[in-house]
Amino acid sequence: MTRDELAANFAAVEAKIQAACDKSKRKRERVTLVAVSKLHPPELIRLAWELGHRDFGENYAQELRDKRTALADCRHLIWHAIGPVQPKNAKYIARAAHTFHALDRFEVAQELSRRREAPTLRCLIEVNVAGEASKAGLAPEELGAFIESVRVLPLIAIVGLTTMPPLSDDPEASRPHFQKLAALAKEHRLTELSMGTTGDYPVAVEEGATMIRVGTALFGARVTAPGT
Ligand SMILES: *Cc1c(COP(=O)(O)O)cnc(C)c1O
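Because the structure is predicted, anything quoted here is derived from the model rather than measured.

(A) Fine view of the site of the ligand. If you check the shell around the ligand, you find V36, K38, N59, I82, M164, T197, T198, R213, V214, G215, T216 and R222 and nothing else. Between an oxygen atom of the ligand and a side-chain N or O atom of K38, the distance comes to 2.7 Å. With respect to the ligand, the side chain of R213 contributes an N or O atom lying 2.9 Å from a nitrogen atom. Burial of the ligand by the surrounding chains reaches 85%, relative to a free accessible area of 390 Å². For the shell around the ligand, the residue count by class is four nonpolar, five polar and three charged.

(B) Seen up close, the nonpolar core. Formed by 65 residues in total, the largest nonpolar core has its most connected members in I93, F100, L103, L112, L161, I212 and F219. Looking at this core element by element, the count peaks at six residues for helix 1 (residues 3-24). Once you skip the residues sitting within four places of it in the chain, L112 turns out to touch A90, I93, A94, F100, L103, L121, C123 and I156.

(C) Spatial organisation of helix 6 (residues 143-150). By the burial criterion, the buried members of helix 6 are L143, F146, I147 and V150. With its buried residues spanning 100 degrees around the axis, helix 6 presents them on a single face. Those residues of helix 6 hidden inside the fold are in contact with strand 4 (99-103), helix 5 (106-115), strand 5 (121-126), strand 6 (156-162) and helix 7 (175-187).

Scoring rules and cut-offs
- Residues numbered from 1 in each chain as written.
- Predicted model: local features only at pLDDT ≥ 70, side-chain atom pairs only at ≥ 80, totals over all residues.
- Heavy atoms only, no water.
- Near = heavy atom within 4 Å.
- Polar contact = N/O pair within 3.5 Å; in protein donor to acceptor, adjacent residues only side chain to side chain.
- Areas by Shrake-Rupley, 256 points an atom, 1.4 Å probe, with all protein chains shown as cover.
- Nonpolar A, V, L, I, M, F, W, Y, C, P; charged D, E, K, R; others polar.
- Core = buried A, V, L, I, M, F, W, Y, C linked by side-chain atoms within 4.5 Å.
- Buried < 20%, exposed > 50% of the residue type's maximum accessible area, 1.4 Å probe, protein only.
- Helix = DSSP H or I, 4+ residues; strand = E, 2+ residues; numbered from the N terminus.
- Contact = heavy atoms within 4.5 Å.
- Arc of directions from axis to C-beta.

This is the structure we're talking about:
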């Protein structure tokens, strides 16, 4: 992808975010665009950084570790770890991430806390709002006890909730799930809402997303899958 193509993709996404903010009377500054760069080479991330983008999302802990090393000279680059992690790999997130979007069990929280050095790692809990059997994330009714259990752990803080609604071709199908996540965050007095991907981010912004995770619309299709 050329610099011009990448710049055009960012501009197109930016226009849609702005339109969704206008429609829902939200301030653009309240929405962070996390550019999901998983499975794309560090050079493409560097190009986006040169265009002025700062927030990047990675799914896989070791890939995050490697890219952070490769891009260590990019000042003010902010890493978001957006995928669930095994406890044994949580150390890579503890070292590299500014925000972790996919906390789903106590053992991971414990390991992140143990491995983290200041500043505190911002964590969002992944919630399986639609109750899909195949999906990671806590059930809504488990949230209260989970938040209570991790409150004592130093150097991590629960700041919000994340969800990935059921796959659909219709962005409107995500809306009730986003509304449910927003209601849950309010109930638990959490301010950050990580929701919305290429298929449905304008709807997510309308429903109060503070972080949207957009990959394909910015960087194009991903060709490889991990471990294949
Ligand atoms: C890959 C991924 C995204 C980005 O998805 P796109 O459809 O490419 O925008 C967002 N969130 C998570 C958790 C992902 O794994």
